[in-house]
Amino acid sequence: QVQLVESGGGLVQAGGSLRLSCAASGNILRTNVMGWYRQAPGNERELVAHIFSSGYRDYADSVKDRFTISRDAAKNTVYLQMNNLKPEDTAVYYCNAEISTTIVRRNTYWGQGTQVTVSS
């Protein structure tokens, strides 16, 4: 079994910053991709950013130059530094990871979600 545990959400004023963390634990051979999605009320879940084991990173256009994703491979942890937050960033943020538990088995896992609220 693999679990993803998120932390770091909260309430912040526009222009402020927050840092999200997500730690994966359990039967992990390798974390192939780790990332963050978000879902605002009435909207579909969307990709915010993800980072591959190679170090390659990709961001949604709406967060480029404001958010930075990073990872600590030794700790199976991914971080999302969010700067210059805007009210439209308000959403539940979900950690996502593709994890290999054996040489031939890989699955996608989700965290429980953490609320980020940006006031204007």
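Nothing here was measured: the structure is a model prediction, and the numbers come from that model. (Residues numbered from 1 in each chain as written. Predicted model: local features only at pLDDT ≥ 70, side-chain atom pairs only at ≥ 80, totals over all residues. Heavy atoms only, no water.)

With that settled, the discussion passes to the side chain of R66. Assignment of secondary structure puts R66 in the loop between strand 6 (57-59) and strand 7 (67-72). A distance of 3.0 Å separates a polar side-chain atom of R66 from the backbone oxygen of N84. What R66 contacts, discounting residues up to four positions off in sequence, is Q81, M82, N83, N84, L85, K86 and D89. (Helix = DSSP H or I, 4+ residues; strand = E, 2+ residues; numbered from the N terminus. Polar contact = N/O pair within 3.5 Å; in protein donor to acceptor, adjacent residues only side chain to side chain. Contact = heavy atoms within 4.5 Å.)

Mapping D89 onto the fold places it in the loop between strand 8 (77-82) and strand 9 (91-100). Of the residues examined, D89 reaches a relative accessible area of 1% and is grouped as buried. At a separation of 2.9 Å, a polar atom in the side chain of D89 contacts the side chain of R38. Sequence-distant contacts of D89, that is, excluding residues within four places in its chain, are made with R38, R66, F67, N84, V116 and V118. (Buried < 20%, exposed > 50% of the residue type's maximum accessible area, 1.4 Å probe, protein only.)

If you walk through the whole model with that rule in mind, you get one disulfide. Note that C22 is cross-linked by a disulfide to C95, the S-S spacing being 2.0 Å. Looking along the S-S bond of the C22-C95 disulfide, the torsion reads about -80°, which is the left-handed sense. On the criterion of sequence distance, the pair formed by C22 in strand 3 (residues 18-26) and C95 in strand 9 is long-range, its members being 73 residues apart. The pair C22 / C95 is uniform in exposure class, with both members buried. (Disulfide = S-S within 2.5 Å.)

Now for the pattern of salt bridges. Within this structure, the stated rule accounts for five salt bridges. The residue D61 makes a salt bridge to K64 at a minimum N-O spacing of 3.2 Å. D61 sits in the exposed class, given a relative accessible area of 65%. Note on K64: relative accessible area 40%, which makes it partly exposed. For E98, the salt bridge is made with R106, and the minimal N-O distance between the two is 3.2 Å. (Salt bridge = Lys/Arg side-chain N within 4 Å of Asp/Glu carboxyl O.)

Attention now moves to the pairing of strand 3. When strand 1 (residues 2-7) meets strand 3, the two strands line up antiparallel, connected through six bridges. Its bridge partner lying in strand 3, L4 is registered against A24. In terms of strand pairing, strand 3 meets strand 8 through six bridges, oriented antiparallel. Counted as the bridge partner of A23 is T77 from strand 8. (Pairing = 2+ DSSP bridges.)

These values are about where atoms sit, not about what they do.
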